[in-house]
Amino acid sequence: MHITQLNRECLLHLFSFLDKNSRKSLAKTCHKLLEVFQDPLLWSLLNFHSPAELKKDNFLLGPALKYLSICWYSERVKVCNIEDWMKNNFQKDFCNRHENTVNDFLLEVCNRCPNLLSLTLSGCGHVTDECILLLLKNCPNLKTLKLENCVRITDQTLEAVTLYGRSLQTLHVDFCRNITQAGLERVREKRPLVMLRAERSANMIPDNKPEKKLMLEKASRKLVQL
């Protein structure tokens, strides 16, 4: 029996066990398998392991997407996590190649995936508060938001959760160094039913621009002199 003799339901079930590249390869073999590849039911879950994967054409974005994960576990993440004003030219060049990749992808999700239920981001050092704000506005059914080691996320994201996260049930902001205790307390006050976790976040040293650091150092010296 040839694979193309299977009915649509069986083919969808078969495709569901394949990774994105394998699905794409099968889709190139004949029109019937291409139609299966393009079926929205196949794309309710997407997992990515690096920003580069977001630029490939081996998946489809659409209203059927409900679970999205972008987790970058790499030594290169450390470069992205360095404050911009401390990066050397090599590090800046490296970040410039993919700085907007995740944000641009999430904007596409905002526009095309209104039924998203769960978003997990890890090691996405260039994701901004503005991007998460738009996602919360455009995906009103979002129930789970997990952010780990996303260094540009600040209390503005927490404020957006209090304003637009009406369906949110779970919020993780682990190892996000620019989150403060005050921001976390505001979420607990405004959204008491949300399961909130912030491992290490409020206890990490936040980013400070050089001018601010200099002012703090001067203030410290004055106190010592007094």
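Just so it is clear, the structure is predicted and the values come from calculations on it, not from any experiment. (Residues numbered from 1 in each chain as written. Predicted model: local features only at pLDDT ≥ 70, side-chain atom pairs only at ≥ 80, totals over all residues. Heavy atoms only, no water.)

Peer 1: Provide a residue-level description of the environment of His49, including the pertinent values.
Peer 2: Among the secondary structure elements, His49 is positioned in the loop between β1 (45-48) and β2 (67-71). Through-space distance from the C-alpha of His49 to that of Ser122 is 9.4 Å; in sequence the pair is 73 residues apart. If sequence neighbours within four positions are ignored, His49 has contacts with Cys71 and Trp72. (Helix = DSSP H or I, 4+ residues; strand = E, 2+ residues; numbered from the N terminus. Contact = heavy atoms within 4.5 Å.)

Peer 1: Could you give me a rundown of the packing of helix α8 (residues 155-164) against helix α9 (residues 181-190), with the residues and numbers involved?
Peer 2: To characterise two packed helices, one gives the angle between the axes of the helices and the distance between these axes. Contact geometry for α8 and α9: axes closest at 9 Å, N-to-C directions at 5°. Our classification of the angle between α8 and α9 gives roughly parallel. Of α9, the residues touching α8 (which contributes Asp155, Leu158, Glu159 and Thr162) are Gly183, Leu184, Arg186, Val187 and Lys190. Residues of the contact of α8 with α9, tallied by class, amount to three nonpolar, two polar and four charged. (Axes fitted to C-alpha atoms, helices over the stretch in contact; angles between N-to-C directions. Parallel < 35°, antiparallel > 145°, perpendicular 65-115°, else oblique. Nonpolar A, V, L, I, M, F, W, Y, C, P; charged D, E, K, R; others polar.)

Peer 1: Requested: an account of the nonpolar core, with residues and values cited.
Peer 2: Of all hydrophobic cores here, the largest spans 50 residues; its most connected members are Leu68, Ile70, Leu106, Leu121 and Leu171. Looking at this core element by element, the count peaks at five residues for helix α6 (residues 101-112). (Core = buried A, V, L, I, M, F, W, Y, C linked by side-chain atoms within 4.5 Å. Buried < 20%, exposed > 50% of the residue type's maximum accessible area, 1.4 Å probe, protein only.)

Peer 1: Hey, could you go over α9 for me, with residue numbers and the actual values?
Peer 2: For α9, the complete set of buried residues consists of Gly183, Leu184 and Val187. Seen along its axis, α9 keeps its buried residues to an arc of 100°; they face one direction. The exposed residues of α9 that point more than 90 degrees off its buried face are Ala182 and Glu189. Where the residues of α9 are buried, they touch α8, β5 (170-174) and β6 (195-197). (Arc of directions from axis to C-beta.)

Peer 1: Mind laying out the side chain of Asn58, listing which residues take part and the relevant values?
Peer 2: Relative to the assigned elements, Asn58 resides in the loop between β1 and β2. There is a polar contact of 2.7 Å between the side chain of Asn58 and the side chain of Asn21. (Polar contact = N/O pair within 3.5 Å; in protein donor to acceptor, adjacent residues only side chain to side chain.)

Peer 1: Any chance you could break down the confidence of the model for the chain for me, citing the residues and the numbers?
Peer 2: One rule of thumb: low pLDDT means the predicted coordinates there are not for detailed reading. Per-residue confidence for the chain gives a mean pLDDT of 87, with 81% of residues at or over 70. For the stretch residues 222-226, pLDDT sits under 50, and the model shows zero contacts to residues farther than four places along the chain or on other chains. (pLDDT = per-residue confidence, 0-100.)

Peer 1: Hey, could you go over the environment of Trp72 for me, with residue numbers and the actual values?
Peer 2: Looking at where Trp72 falls in the secondary structure, it is placed in the loop between β2 and α4 (77-80). With a relative accessible area of 11%, Trp72 lands in the buried category. Separated by 52 residues in sequence, Trp72 and Cys124 place their C-alpha atoms 6.8 Å apart.

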